[in-house]
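Now for the letters of each chain:
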2 protein chains.
Amino acid sequence: MIKATGERTIKDLCISELLKLNDDEKKNITTHGTIYNIRDMGDFVFIILRKVNGLIQCVYDKTGSEEEKLALKEENAVRITGDVYDEPRAVNGIEIRVKELTLISCAKNDLPFSINKKRLNIALENEMAIRPVVLRNEHRRSIFKLQEGIVRGFRKYLEMNDFTEIFTPKIVSAGAEGGANIFKLEYFGKKAFLAQSPQFYKQMLIPIYERVFEIGPVFRAEKHDTARHLNEYISVDFEMGFINDFYDIINMETGMLKYTLNYLKDNYEPFIEKINAQIPEITEIPCVKFRDAKEMISKKYNRKIKDPYDLEPEEERLISELFKEEYGSEFVFVTHYPVKKRPFYAMDDPENEKFTLSFDLLFRGMEITTGGQRIHDYDTQVEKMKAKGLNPDDFTSYLMLHKHGCPPHGGLGMGLERFLMKLIDEKNIRSASMFPRDTLRLVP
Amino acid sequence: MIKATGERTIKDLCISELLKLNDDEKKNITTHGTIYNIRDMGDFVFIILRKVNGLIQCVYDKTGSEEEKLALKEENAVRITGDVYDEPRAVNGIEIRVKELTLISCAKNDLPFSINKKRLNIALENEMAIRPVVLRNEHRRSIFKLQEGIVRGFRKYLEMNDFTEIFTPKIVSAGAEGGANIFKLEYFGKKAFLAQSPQFYKQMLIPIYERVFEIGPVFRAEKHDTARHLNEYISVDFEMGFINDFYDIINMETGMLKYTLNYLKDNYEPFIEKINAQIPEITEIPCVKFRDAKEMISKKYNRKIKDPYDLEPEEERLISELFKEEYGSEFVFVTHYPVKKRPFYAMDDPENEKFTLSFDLLFRGMEITTGGQRIHDYDTQVEKMKAKGLNPDDFTSYLMLHKHGCPPHGGLGMGLERFLMKLIDEKNIRSASMFPRDTLRLVP
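Residues numbered from 1 in each chain as written. Chains lettered and ligands numbered in written order. Predicted model: local features only at pLDDT ≥ 70, side-chain atom pairs only at ≥ 80, totals over all residues.

## Concerning the interface of chain A and chain B
Line of reasoning, step 1. At the junction of the two partners, chain A supplies 96 residues and chain B supplies 96 residues.
Line of reasoning, step 2. With seven residues, helix α8 (residues 247-267) of chain A is the largest single contributor of residues to the side of chain A that touches chain B.
Line of reasoning, step 3. A breakdown of the residues in the side of chain A that touches chain B according to their chemical character gives 52 nonpolar, 21 polar and 23 charged.
Line of reasoning, step 4. Two elements, strand β1 (residues 3-4) of chain A and strand β13 (residues 285-289) of chain B, share two bridges in a ladder whose sense is antiparallel. (Contact = placed C-beta atoms within 7 Å. Helix = DSSP H or I, 4+ residues; strand = E, 2+ residues; numbered from the N terminus. Nonpolar A, V, L, I, M, F, W, Y, C, P; charged D, E, K, R; others polar. Pairing = 2+ DSSP bridges.)

Structure, rendered in structure tokens:
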């Protein structure tokens, strides 16, 4: 009877192992990969192998069998036996001189588009139609290694700060954010919705775990096709209890961003380089009140304030510009948003009831986070629901939280793709999503 | 202007800090928590405080103000200043003698059910209706700390083994698993579905990252109400390329389980204890062919084989029983499932075309994982689609994978709630989901 032990069964070496070999281990190594690029130099061929964490240069001297030569085709999967040599001109500083090359799997058709260039010259629309193959490009796949790095950094920081990771339902009976932008579905004869955020659940879990976080999909049925909206995106949500005020949340996010940007620099350097991403340095992040920010840019850029209740995209851009110029910060917290534009669970500012104890974080000209303190008192919450035209009876299970005891708390939601998009300086959010969902796009 | 530095702003001590104090730090500490239990001892009161990672005993000598005494109510959130003393009879071996007690937030109503008992006597139906408060119970909240631990263990192991974490769309244009159990939704005038698994996406990403994983929600519109099905659950999915055969996948899972069970023992002991969970020991996991397993239990338990193509729940239970008894293993891989019962992307066994290179993992009587090798050759895949009555034209973007080169690969999907359920020896999967979704339940 076969028994699985959990020991490593695939013996081929990965890049980090290839780089760590000492001299007597460099002979007759075996590795595998996909042929990313072939350059015929006459007497020999450079084979650039795409492996998990980058590329490896291989030299093939053309003395092999006919079969081997036929295997030399882009996107073929191959296994290679050879000797490792230092080669400062090659990526990663080594090359493999091939002794044996085995075709593992053959690409049936040529790619519809050459993907092994440093800069791809392809329109977004066209790219999205063939995304599964375009992602094979080094630049493209590096983008989503950075996405992974961001998520790992966030999680590590939140774990260090005693946040409990939660998984909450995505099929729900009511929207947390209200409004029309909610997807409906049929659920065994009942009407159900796709969660716009884990808001209610993370709040319900505050008396239980005090600090919780979730990184998962949320769904918004926005009908507008813009460069900054997706209909499904990854939301980084955290919520924390026993706060003194909402600056505790702002501070936690600042700490999380500081930690994560350093984590990226320390662990994702090859990918940062490939994208040429400019990772910002954070020492401190300025906080400015919504009203003051409006006035500052109105004055500086000589603009009329059209909508006193919300920031237009152009205003977000200008606030960022101003704070970059005058305070040297690529991040800025805009605080105290008007009650009108915040959901029913937002806590009003006791000093001015037209505003809430809430904030957005702007990064390089765009809102990437929305957060704030929530109402924890039952009567206050019921009253505000009514003021917003909602029926408290529709929120019975959510209101158990307020009814049965709940510390002061608040939290935030960050759009992962927006943060990534700004980090890598892309103009369209679709570039920061592997398989974006917009009003026209369901495939791939 | 206020500037956020990311420094810690909430100074109250958490349990691990309380336990690490040296003698001269034990005076006048401040901490916070929710009052879990109050025991009036006449001259003084024991206040059991619920904190993030457990309970802390506080002693209140009743000499405080009237206001303080009124604050003594279960589920009130309080802040406490006091001195820490060793007290071997208390949980965690310490107690806090309270000097000052401040009410932070008051529970408006009493709980509908007393949640501070060691064993809760409540029917599942009733519990689910008031889940947000029942989760405040120490036993219940420990269950989902274990869930967190499992996920952390899995991720750590997969990261060590060079898996890239991915996020794939949950709104999709076609189901990966086929069949009728798929949720439909209206998507801007188009028909869309909720993803039954990330199958297509993780395969598409094999030529790009070689090894990928995702831990996220999947949706199954199963109409049957059973103790082992949920309509939304967390699927732990991984997929790996350049495999020699599907035992590489089996070995990777074995390694992941070994690592994770040890990780739980090392890091989640207090929660394991609270649930009295029996964490199994893995040295190796036996693998048995589907056909052989059927015969073994037919012989041993004198049963007729009714359905030769699938395992009934009772058969899963008996196979587990047999392997526990005869091989001392609580896990068993059942391999080579019939083609009839496996999806179109499963690779057939070249040695017997009625069977596939696939497996299930049984744990304590129940299937918790389904996996196998996938077809990577284009023509083979197209042919099998047709044999299964599918139209290859409906899978154009998925088939880019096979058309443009893809190494041999395979992977698996594990139901997180099922694994957790068996680990903590619960009879109903709803106990292993914070807010379960079943045919009748959308709230909370």
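Resuming the write-up.
## Things to note about the sheet that holds strand β18 (residues 366-374) of chain A
Line of reasoning, step 1. Here nine strands make up an open sheet; going across it, the order is β7(A)-β11(A)-β12(A)-β19(A)-β18(A)-β17(A)-β14(A)-β13(A)-β1(B) and the pairing mixed. Edge positions in the sheet fall to β7 (164-165) of chain A together with β1 (3-4) of chain B, since each has one partner strand and no second.
Line of reasoning, step 2. Sheet contacts for helix α10 (residues 290-301) of chain A: β13 (285-289) and β14 (331-335) of chain A; angle to β13 of chain A, the most-contacted strand, approximately 95°. (Axes fitted to C-alpha atoms, helices over the stretch in contact; angles between N-to-C directions.)

## Some words on the relation of the copies chain A and chain B
Line of reasoning, step 1. At an RMSD of 0.0 Å, chain A and chain B line up after a rotation of 180° and a shift of 0.0 Å along the axis. Expressed as an axis order, the relation between the two copies is that of a two-fold axis. No C-alpha of chain A lies nearer the rotation axis than that of L185 of chain A, which sits 2.5 Å from it. (Least-squares fit on C-alpha atoms with pLDDT ≥ 70 in both.)

## Some details on unusual backbone geometry
Line of reasoning, step 1. Cis rather than trans, the peptide bond between V443 of chain A and P444 of chain A has omega equal to -5°.
Line of reasoning, step 2. You can see P444 of chain A is positioned in the segment after α14 (416-423).
Line of reasoning, step 3. Look at E75 of chain B: it is not a glycine, yet its phi comes out positive at around 70°.
Line of reasoning, step 4. Within the secondary structure layout, E75 of chain B lies in the loop between α2 (66-70) and β5 (77-86).
Line of reasoning, step 5. Note on E75 of chain B: 24 C-beta atoms within 10 Å, which makes it buried.
Line of reasoning, step 6. Positive phi, close to 60°, is recorded for D425 of chain B, a residue that is not glycine.
Line of reasoning, step 7. Structurally, D425 of chain B can be placed in the segment after α14 (416-423).
Line of reasoning, step 8. Residue D425 of chain B is classed as exposed on the basis of its C-beta count, with 12 C-beta atoms lying within 10 Å. (Buried ≥ 20, exposed ≤ 12 C-beta atoms within 10 Å, placed from the backbone.)

## Some words on the packing of α10 of chain A against helix α11 (residues 313-327) of chain A
Residues and elements named next belong to chain A.
Line of reasoning, step 1. At a closest axis distance of 10 Å, the pairing of α10 and α11 adopts a crossing angle of 80°. Between α10 and α11, the crossing angle belongs to the class labelled roughly perpendicular. Seen from α10, the contacting residues are A293, M296, I297, K300 and Y301; seen from α11, they are E315, L318, I319 and L322.
Line of reasoning, step 2. Each residue belonging to the contact of α10 with α11 can be placed in one class, and the counts come to seven nonpolar, no polar and two charged. (Parallel < 35°, antiparallel > 145°, perpendicular 65-115°, else oblique.)

## Considerations on the confidence of the model for chain A
Line of reasoning, step 1. Residues with a pLDDT of 70 or more make up 100% of chain A, whose mean pLDDT is 96.
Line of reasoning, step 2. Interface confidence in the predicted complex, given as ipTM, is 0.97; pTM for the same model is 0.97. (pLDDT = per-residue confidence, 0-100.)

## Some points on the domain arrangement of chain A
Line of reasoning, step 1. Per the domain assignment, the segments of chain A are domain 1 (15-105) and domain 2 (138-432).
Line of reasoning, step 2. Between the C-alpha centres of domain 1 of chain A and domain 2 of chain A there is a distance of 46 Å. (Domains from an automatic or database assignment.)

## Brief notes about the environment of K145 of chain A
Line of reasoning, step 1. Within the secondary structure layout, K145 of chain A lies in helix α5 (residues 138-160).
Line of reasoning, step 2. Taking the C-beta count within 10 Å as the criterion, K145 of chain A has 23 such neighbours and is therefore assigned buried.
Line of reasoning, step 3. Once residues lying within four places of it in the same chain are set aside, the contact partners of K145 of chain A are Y268 and F271 of chain A together with T164 of chain B.

## Remarks on the sheet that holds strand β14 (residues 331-335) of chain B
Line of reasoning, step 1. Taken in spatial order, the nine strands make up an open sheet running β1(A)-β13(B)-β14(B)-β17(B)-β18(B)-β19(B)-β12(B)-β11(B)-β7(B), and their pairing is mixed. One side of each edge strand has no neighbouring strand; the edge strands of this open sheet are β1 of chain A together with β7 (164-165) of chain B.
Line of reasoning, step 2. Bridge count between β7 of chain B and strand β11 (residues 211-219) of chain B: two bridges; the pairing is parallel. Along β11 of chain B, the bridge assignment pairs T164 of chain B with V212 of chain B.

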